[in-house]
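Remarks on the overall topology
Read off the chains here:
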Amino acid sequence: MADTPLQAAPQDARAPEVPSVAEVLQDLAKTSVLKVQNYSKLSLQSITNLATGPRYVQDTLDQMDDIGVGSLPIVLLSGFFIGAVMVLQTGTQFERFGQASLTGDIVSLALVRELGPSITGLLVAGRCSSGIASELGSMLVTEQVDAMRAMGTDPSRKLVTPRVLATLITLPLLTTISVFVGLIGGMVASVLSLRINATTFWERAIKILEFSDIMQGFSKTVIFAFILATVGCYQGLNVRGGTQGVGRATTQAVVVSSVLIIVSDTFLTKLALYLADKFF
Amino acid sequence: MEPYPSGLNTTLTASIPLSIEFKDVRLGFSEGEILRGVTFSAQERETVILLGETGTGKTLLLKLAAGLLRPDSGSIRVLDKDISSLSESELLDARRQIGFVFQEGALFDSLTVGENVAYRLHEDGVDEDEIKPRVEEVLRFVELAHTTDSLPSELSGGMRRRVSIARALIGRPPIVLYDSPTAGLDPLTSQTIISLILRLRDVYGVTALLATHRLQDGFALANFHFDPQAKKVRRDSSPESSRVAPTRFLVLRAGKIYFEGSPDELMKSQDPYLQRFLI
């Protein structure tokens with residue numbers, strides 16, 4: 001090899017090897033499988049940690065305050081207007097057939113089964129999954145996670161499990177509030193726009209609901225909560241590349257958790273409809 | 001390739017127990033192998049200075065010693081435990097015997113100084129009545145008793161390092177690992193940190209691994225001692241071999257131990273690579 005840049009390079013000096021398409025695809029597949037494996041491991045660990053101590057109760061309460069109480073304003077505001085807009089959209093169609101009173105039924109079913117869980121899930125994913133990823137990512141790049149491990153603390157117990165548990169508890173509660181506020185929004189819109197009696201709207205909205213509808217909505221929120229919390233934690237604890245990496249992880253946490261929520265919603269709806277048909 | 005220096009000396013006094021022992025440790029990442037068969041040991045109460053250029057693997061050695069990383073091959077024994085073969089949960093217990101001072105302090109930025117220092121005690125479930133005096137004691141030791149309620153962001157770089165030392169000290173570990181404790185600090189603050197490390201060594205008798213690229217830090221630890229009676233740092237005039245807390249240098253180069261020896265041997269070395277550190 002040449003000692004200085006002025007010396008002639010040997011004849012057999014070759015350009016660095018360019019990997020073939022197959023090699024690139026193979027590497028991509030391996031990396032993807034590894035990511036899924038690590039994510040699954042972290043998710044499983046976040047739950048199995050609950051079986052043994054130490055348990056971080058105060059951290060879980062703090063996270064419940066941050067995720068639950070902190071998300072309340074956006075959930076209330078969006079829930080109210082989603083209910084109202086549902087009434088405006090569906091009410092005008094029902095009015096054409098003289099069935100405007102059915103608006104309460106359809107809004108209630110849509111909010112409880114579908115819109116309540118998915119919209120709340122997406123809103124909380126936007127706010128909390130990104131927040132979790134940036135917080136844990138910042139801790140990782142400033143060696144705070146290593147410091148924690150060096151002092152004998154398991155980061156999955158201290159950082160992941162409280163966030164997952166707090167989201168599992170608070171998202172169903174937030175969804176319930178969102179649905180309730182959505183129905184109020186729908187009721188206000190139906191009174192003002194469709195001239196439907198508030199009592200009629202409310203009665204129909206409640207009567208149409210069955211146990212299977214509530215279970216469908218509830219089971220979805222639990223799955224969505226698990227997705228948004230674990231994806232946020234995984235992205236945060238796998239940051240590469242300093243502060244720029246934290247930004248990337250934050251964006252990815254929102255994108256991945258939102259996509260997973262929407263995709264899983266399809267399968268959960270199908271499953272819930274099948275189970276409702278079979279057992280209820 | 002430059003020849004290995006003649007001062008290379010890997011023999012240790014057999015009678016003193018070993019606190020840390022690395023045997024043919026290798027570690028690599030996707031970029032290539034960083035540590036290529038590192039073998040060394042640190043005796044009880046000994047201070048080993050890891051010297052080397054940036055990127056030679058000093059921090060990796062400390063993280064391996066703390067069990068924060070696992071070697072690809074070789075074995076690492078810390079306080080008679082082979083930590084390279086322990087599970088993560090067993091390692092959590094083993095790490096309680098080790099204090100780690102990170103390069104930038106790595107303080108929990110959402111906790112106050114007092115909470116940072118008390119962190120380990122809270123984790124261990126120590127009684128609240130006992131925690132407060134112990135936190136006060138170690139903060140007094142690092143002369144930061146007045147910062148208990150401050151957040152790390154309100155402290156200077158040097159103060160953050162001192163809090164980090166206090167946090168490492170609170171569990172009274174027999175081994176403390178320092179990752180470039182004076183990097184990026186002005187000479188006066190560096191001196192304060194070094195005298196703190198001297199006090200920790202001479203008052204508590206800890207075994208230390210100290211990674212640095214500043215030779216003067218190593219020589220300060222080798223040539224000075226803390227006098228607990230006078231509460232002053234004094235030059236050590238006794239011969240190196242008779243000192244209670246001996247200091248040894250390890251120079252890392254290209255993922256291997258390039259030089260191992262006493263401060264005197266390093267000073268007298270004619271090796272061109274080592275001479276670059278001495279200029």
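Read on for a plain summary of the structure.

About the thresholds
- Residues numbered from 1 in each chain as written.
- Chains lettered and ligands numbered in written order.
- Predicted model: local features only at pLDDT ≥ 70, side-chain atom pairs only at ≥ 80, totals over all residues.
- Heavy atoms only, no water.
- Helix = DSSP H or I, 4+ residues; strand = E, 2+ residues; numbered from the N terminus.
- Rg over C-alpha atoms; globule rule 2.2 N^0.38 Å.
- Buried < 20%, exposed > 50% of the residue type's maximum accessible area, 1.4 Å probe, protein only.
- Contact = heavy atoms within 4.5 Å.
- Lys, Arg positive; Asp, Glu negative; His and termini not counted.
- Charge placed at Lys NZ, Arg CZ, Asp CG, Glu CD.
- Expected span 1.5 Å × (residues − 1).
- Polar contact = N/O pair within 3.5 Å; in protein donor to acceptor, adjacent residues only side chain to side chain.
- Axes fitted to C-alpha atoms, helices over the stretch in contact; angles between N-to-C directions.
- Left-handed = near helix turned anticlockwise from the far one by under 90°.
- Nonpolar A, V, L, I, M, F, W, Y, C, P; charged D, E, K, R; others polar.
- Core = buried A, V, L, I, M, F, W, Y, C linked by side-chain atoms within 4.5 Å.
- Salt bridge = Lys/Arg side-chain N within 4 Å of Asp/Glu carboxyl O.
- 1 Å grid on protein atoms, 1.4 Å probe; cavity = no way out; pocket = protein on both sides within 12 Å on 5 of 7 lines; lining within 4 Å.
- Points joined across faces, edges and corners; volume = space filled by probe spheres on them.
- Patch = residues over 30% accessible without salt bridge, like charges linked within 9 Å, V, L, I, M, F, W, Y side chains within 5 Å.
- Areas by Shrake-Rupley, 256 points an atom, 1.4 Å probe, with all protein chains shown as cover.
- Pairing = 2+ DSSP bridges.
- Parallel < 35°, antiparallel > 145°, perpendicular 65-115°, else oblique.

Right, let's get into the overall build of chain B. Counting its secondary structure elements, chain B contains nine helices and twelve strands. Taking 2.2 N^0.38 as the reference for a compact globule, 279 residues should give roughly 19 Å; the C-alpha atoms of chain B span a radius of gyration of 19 Å, in line with that estimate. Counting the 279 residues in chain B, one finds 53% classified as buried. Considering only residue pairs separated by 6 or more positions, chain B has 66% of its internal contacts joining residues 24 or more positions apart. Once the 33 positive and 39 negative side-chain charges of chain B are each reduced to a mean point, those two points are 4 Å apart.

Between the first and last C-alpha of helix α1 (residues 21-48) of chain A there are 40 Å, a value that for 28 residues agrees with the 40 Å anticipated at 1.5 Å per step. Packing partners of the buried residues in α1(A) comprise α5 (155-194) and α7 (211-237) of chain A.

Residues and elements named next belong to chain B. As for its placement among the helices and strands, Asn116 is situated in helix α3 (residues 113-123). For Asn116, the side chain forms a polar contact with the main-chain nitrogen of Phe108, separated by 2.8 Å. Each residue touching Asn116, except ones within four places of it in the same chain, is listed here: Leu107, Phe108, Leu111, Pro152 and Arg167.

Another aspect to go through is the packing of helix α3 (residues 103-141) of chain A against α5(A). All names here are of chain A. Relative orientation of the contacting elements α3 and α5 amounts to 140°, with a least axis distance of 7 Å. Between α3 and α5 the crossing geometry is right-handed. Within the contact of α3 with α5, the residues separate by chemical class into 14 nonpolar, eight polar and two charged.

Turning our eyes to something else, we now look at the nonpolar core. Residues and elements named next belong to chain B. Counting 52 residues, the largest nonpolar core has Phe22, Phe40, Leu61, Phe100, Leu177 and Leu209 as its most contacted members. Setting aside anything within four residues of it in sequence, one finds Leu61 in contact with Phe22, Leu35, Val38, Phe40, Leu50 and Leu252. Ile49, Ile131, Val142 and Leu274 belong to the second largest nonpolar core, which has 47 residues in total.

A few words now on the pattern of salt bridges. Per the stated rule, a full pass over the model turns up 26 salt bridges over all chains. One salt bridge connects Arg157(A) with Asp154(A), and the closest N-O pair in it is separated by 4.0 Å. The burial state of Arg157(A) is the same as that of Asp154(A); both residues are buried. With its nearest N and O atoms 3.1 Å apart, the salt bridge here joins Asp227(B) to Arg234(B). Classification of Arg234(B) as partly exposed rests on a relative accessible area of 38%. One connected set of salt bridges, linked through shared partners, spans Glu143(A), Asp146(A), Arg149(A), Lys63(B), Glu88(B) and Arg95(B).

Inspection of the entire model under this criterion finds two cavities of 30 Å³ or more. Within this model, the largest cavity holds a volume of roughly 70 Å³. Forming the walls of the largest cavity are Ala147(A), Ala150(A), Met151(A), Ile98(B), Gly99(B), Phe100(B), Phe102(B), Arg120(B), Ser164(B), Arg167(B) and Ala168(B). Residue composition of the lining of the largest cavity, grouped by class: seven nonpolar, two polar and two charged. What lines the second largest cavity is simply Gly79(A), Ile82(A), Leu111(A), Leu115(A), Gly116(A), Ile119(A) and Ser178(A). For the lining of the second largest cavity, the elements supplying multiple residues, two or more each, are α2 (57-96) and α3 of chain A. Sort the elements by how many residues they give to the lining of the second largest cavity and α3(A) lands first, with four residues. Among the residues making up the lining of the second largest cavity, the classes are represented as four nonpolar, three polar and no charged.

Okay, a nonpolar patch on the surface next. A cluster of nonpolar residues, Val255(A), Val256(A), Val259(A), Leu260(A), Val263(A) and Phe267(A), forms a patch on the protein surface that exposes about 510 Å² of accessible area. As for its placement among the helices and strands, Val255(A) is situated in helix α8 (residues 242-279).

It is worth spelling out the environment of Thr60(A) at this point. Residue and element names in this part refer to chain A. Following the sequence through the fold, Thr60 ends up in helix α2. The class for Thr60 is buried, based on a relative accessible area of 10%. When the C-alpha atoms of Thr60 and Thr161 are compared, they prove to be 8.0 Å apart, with 101 residues separating the residues in sequence. Every residue in contact with Thr60, bar those within four places of it in the chain, is listed here: Pro162, Leu165 and Ala166. Within the structure, Thr60 has its side chain in polar contact with the backbone oxygen of Tyr56 (distance 2.7 Å).

Considered as a void within the structure, the second largest pocket measures approximately 720 Å³ in volume. Lining the second largest pocket are 24 residues, with Asp59(A), Asp62(A), Lys158(A), Leu111(B) and Tyr119(B) positioned closest to its centre. Residues of the lining of the second largest pocket, tallied by class, amount to nine nonpolar, five polar and ten charged.

All names here are of chain B. Judged by pairing direction, the sheet is antiparallel, and its four strands sit side by side in the order β2-β1-β4-β5 without closing on themselves. Each edge of the sheet is formed by a strand with only one pairing partner; in this case those strands are β2 (32-43) and β5 (81-82). Lying over the sheet, helix α1 (residues 58-65) contacts β1 (18-29), β2 and β4 (73-78), oriented at roughly 120° with respect to β1.

It is worth spelling out the packing of helix α5 (residues 157-169) of chain B against helix α6 (residues 187-204) of chain B at this point. In helix packing, the relevant descriptors are the interaxial angle and the interaxial distance, both defined with respect to the helix axes. All names here are of chain B. Taken N-terminus to C-terminus, the directions of α5 and α6 make an angle of 15°; their axes are 10 Å apart at the nearest point. By the angle between their directions, the pair α5 and α6 is classed as roughly parallel. For the pair α5 and α6, the sense of crossing is right-handed. Only Thr189, Thr192, Ile193, Leu196, Ile197, Leu200 and Tyr204 of α6 make contact with α5, whose side of the interface consists of Gly158, Arg161, Arg162, Ile165 and Leu169. Classifying every residue of the contact of α5 with α6 gives seven nonpolar, three polar and two charged.

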